[in-house]
Structure formats: structure tokens, C-alpha cells
Amino acid sequence: MSNEVRLRNIEPNDLPIFYEQQLDADATRMAAFPARDRAAFDAHWATNILGNPATVKQTILLDGQVAGNIGSWPQDGVRLVGYWIGKEHWGKGVATRALAAFLHLVTERPLHAHVAKHNVGSIRVLEKCGFSLEREESVEVAGKDVAELVLVLR
């Protein structure tokens, strides 16, 4: 195992893996975002991600195996970035290396990221890649108030 992280275009066979990754209870707790059922997942990916030409999207590979996904999209007048790493790949530096590589693809600045305040791992990933805290806010997710941090890369 070389522990090599690479990005590539998303392929249809990646979607079932992404679906399974977003079902993990620990991952949804960390992200403070509920899992989608299959129909909602497929619709979201078809319309908002694969069907949106303004979205830059990539599959994250670890040693040639799908480890997650990363993307950037315009929303509310700013460009956002987000990623999802399969739980089995946490703690290996995958997110940090994937985000660092992705920042060479998406050069628009400022670039914003929203992260649950309790998700210290993701906050560290963003900070290692040059993001800094812009503000804290409370958002409603699935009927619950969630403390969220907004980090920005200028």
C-alpha cells in the first residue's frame, strides 16, 4: 500500500459506494447531515451534482480504491467546497491530501466551507489547507439546530 491519494472524474460505478458511505451513522453524526434514502440520493446526485455544470466534482481514490468524493459549487453568491470520506479511510490524511489537490483544480477565491462545530477532524483538514474561521452560525438541519462554522480560503 503506497497510501497514494488521487482525484479523478466521477464514474457511474462510484455512486453506489458514495451512497453506502453516506449511510454510516458515525459519518452523518460528524457531518450533522442526515443520510438520504436511495431515491433522494439518486435525485440529489443527478440534479445538483452531476447535472449542474457549475459544480466541479471528483472521486477521491486511495491506492486506486474509491475513498470518497469532493466538490465545489456556487450557492448564495459564494463558491462552496465539500467532501465526504468513507469512515474506513478516516485518520489517514486522505481528506487533507484530496482537498490540497482539489484546490489546484478550483482556483476561484474566496472559497467557503461549512462544517459542524463538533467535527474537529474536518476543521483541522480545512485549516491545514489554508482555510480560516470566518464566523459561527446556527443552522437548522433535519429539524435540529446545529452549531456550524464557516471557514474561508482567500
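Above this text you will find the structure in question.
Described in the following lines is the structure provided in the data block. (Residues numbered from 1 in each chain as written. Predicted model: local features only at pLDDT ≥ 70, side-chain atom pairs only at ≥ 80, totals over all residues. Heavy atoms only, no water.)

## A short note on the packing of aromatic side chains
For any pair of aromatic rings, the description consists of the separation of the ring centres together with the inter-plane angle of the planes.
Consideration 1: As enumerated under the stated definition, the model contains three aromatic pairs in all.
Consideration 2: Judged by centre distance (5.3 Å) and plane angle (70 degrees), the ring pair of Tyr-19 and Phe-41 falls under edge-to-face. With Tyr-19 in helix α1 (residues 15–22) and Phe-41 in helix α3 (residues 38–50), this pair connects stretches of sequence that are 22 residues apart. As far as the burial class goes, Tyr-19 and Phe-41 line up, both buried.
Consideration 3: One aromatic cluster in this structure is built from Phe-18, Tyr-19, Phe-41 and Trp-45.
Consideration 4: Between the NZ or CZ atom of Arg-38 and the centre of the ring of Tyr-19, over which it lies, the distance is 4.5 Å. (Phe/Tyr/Trp six-rings, centres within 6.5 Å; stacked < 30°, edge-to-face > 60°. Helix = DSSP H or I, 4+ residues; strand = E, 2+ residues; numbered from the N terminus. Buried < 20%, exposed > 50% of the residue type's maximum accessible area, 1.4 Å probe, protein only. Lys NZ or Arg CZ within 6 Å of the ring centre and 35° of its normal.)

## Here we look at the sheet that holds strand β3 (residues 65–75)
Hydrogen bonds between backbone atoms are what pair the strands of a sheet, whose relative direction is either parallel or antiparallel.
Consideration 1: Reading across from one edge, β1-β2-β3-β4-β5-β7-β6 is the order of the seven strands in this open sheet, with mixed pairing throughout. Each having just a single partner strand, β1 (5–8) and β6 (132–141) make up the two edges of the open sheet. Here the strands of the sheet are splayed against their neighbours by 30 degrees on average, with no regard to which way each runs.
Consideration 2: Where strand β2 (residues 56–62) and β3 come together, seven bridges link them in antiparallel fashion. Bridged to Thr-59 within β3 is Asn-69.
Consideration 3: Each of β1, β2, β3, β4 (78–85), β5 (111–116) and β7 (144–153) touches helix α4 (residues 94–105); the most contacted strand, β1, lies at about 45 degrees to it.
Consideration 4: Of the strands in this sheet, β4, β5 and β7 touch helix α5 (residues 120–128), which is tilted by about 160 degrees from β5. (Pairing = 2+ DSSP bridges. Axes fitted to C-alpha atoms, helices over the stretch in contact; angles between N-to-C directions. Contact = heavy atoms within 4.5 Å.)

Remember, this is a structural readout, not a statement about activity or role.
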